[in-house]
Amino acid sequence: MPRKTRKLSNTGIYHVMLRGLDRCQIFHDEQDLRKFLKILHLVTHPIDADGKPMPPYCDIYAYCLMTNHVHLLIGEHSEDISSVMKRIGISYVSYFNKRYSRLGS
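Everything numeric here is computed off the predicted structure, so don't read it as measured data. (Residues numbered from 1 in each chain as written. Predicted model: local features only at pLDDT ≥ 70, side-chain atom pairs only at ≥ 80, totals over all residues. Heavy atoms only, no water.)

K.L.:
Please clarify how the sheet that holds strand β1 (residues 13–19) should be interpreted in this entry.
P.N.:
Backbone hydrogen bonds are what pair the strands of a sheet, in a parallel or an antiparallel way. The three strands lie next to each other as β1-β3-β2, forming an open sheet whose pairing is antiparallel. Looking at strand neighbours, the two that pair on one side only are β1 and β2 (58–65), the edges of this open sheet. Strand-to-strand twist of the sheet, defined as the mean angle between neighbouring strand axes without regard to direction, takes the value 20°. Most of the contacts of helix α1 (residues 30–44) go to β2, to which it runs at about 165°, and overall it touches β1, β2 and β3 (69–76). (Pairing = 2+ DSSP bridges. Helix = DSSP H or I, 4+ residues; strand = E, 2+ residues; numbered from the N terminus. Axes fitted to C-alpha atoms, helices over the stretch in contact; angles between N-to-C directions. Contact = heavy atoms within 4.5 Å.)

K.L.:
Sorry, what's going on with the environment of His77 here?
P.N.:
Relative to the helices and strands, His77 is located in the loop between β3 and α2 (81–99). Separated by 42 residues in sequence, His77 and Lys35 place their C-alpha atoms 22 Å apart. Apart from residues no more than four positions distant in its own chain, His77 is found in contact with Pro56, Tyr57, Cys58 and Asp59. Polar side-chain contacts of His77 include one of 3.4 Å to the backbone oxygen of Pro56. (Polar contact = N/O pair within 3.5 Å; in protein donor to acceptor, adjacent residues only side chain to side chain.)

K.L.:
Whenever I open this one, unusual backbone geometry confuses me. Can you help?
P.N.:
Most peptide bonds take the trans configuration, and most residues that are not glycine carry a negative phi. Phi at Arg23 is positive, roughly 60°, even though this residue is not glycine. Considering the arrangement of structural elements, one finds Arg23 in the loop between β1 and α1. Judged by relative accessible area, Arg23 falls into the exposed class, the value being 56%. One non-glycine residue, Ser101, lies in the positive phi region at around 50°. Positionally, Ser101 belongs in the segment after α2. On the basis of relative accessibility, which here comes to 71%, the residue Ser101 falls in the exposed class. (Buried < 20%, exposed > 50% of the residue type's maximum accessible area, 1.4 Å probe, protein only.)

Structural data, given as C-alpha cells:
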C-alpha cells in the first residue's frame, strides 16, 4: 500500500528521521559519525567545483545521531526537503557501502 503524501510545512522546517535498512546499525564507529556530520556540513555550506561557497541547500537546527537512526530538525533553504534528504542519503549510503563492501540502499 503506498504511503500517503506528506503535507508540506508552512514554515519550511521539518523533523526528519533516517533509519537503517531493517533498523540495522548505520554508525559502527566514530569514523561513520564524523562522515555523516561532514555530509551535514556540506549541505549547509556547499562549495562548487572551484571551491567557491554556494548558497546553503538547507539549515540544520538540531540533530541526534543514534547507532541505528538519525533525527534532524531541518529547514528548507535553496532546495526543497526531498532534494536535501536525497542528497544526504545518497552521500552517506555511498560512503557506507564502499567502506563495508556492501550493495543496496
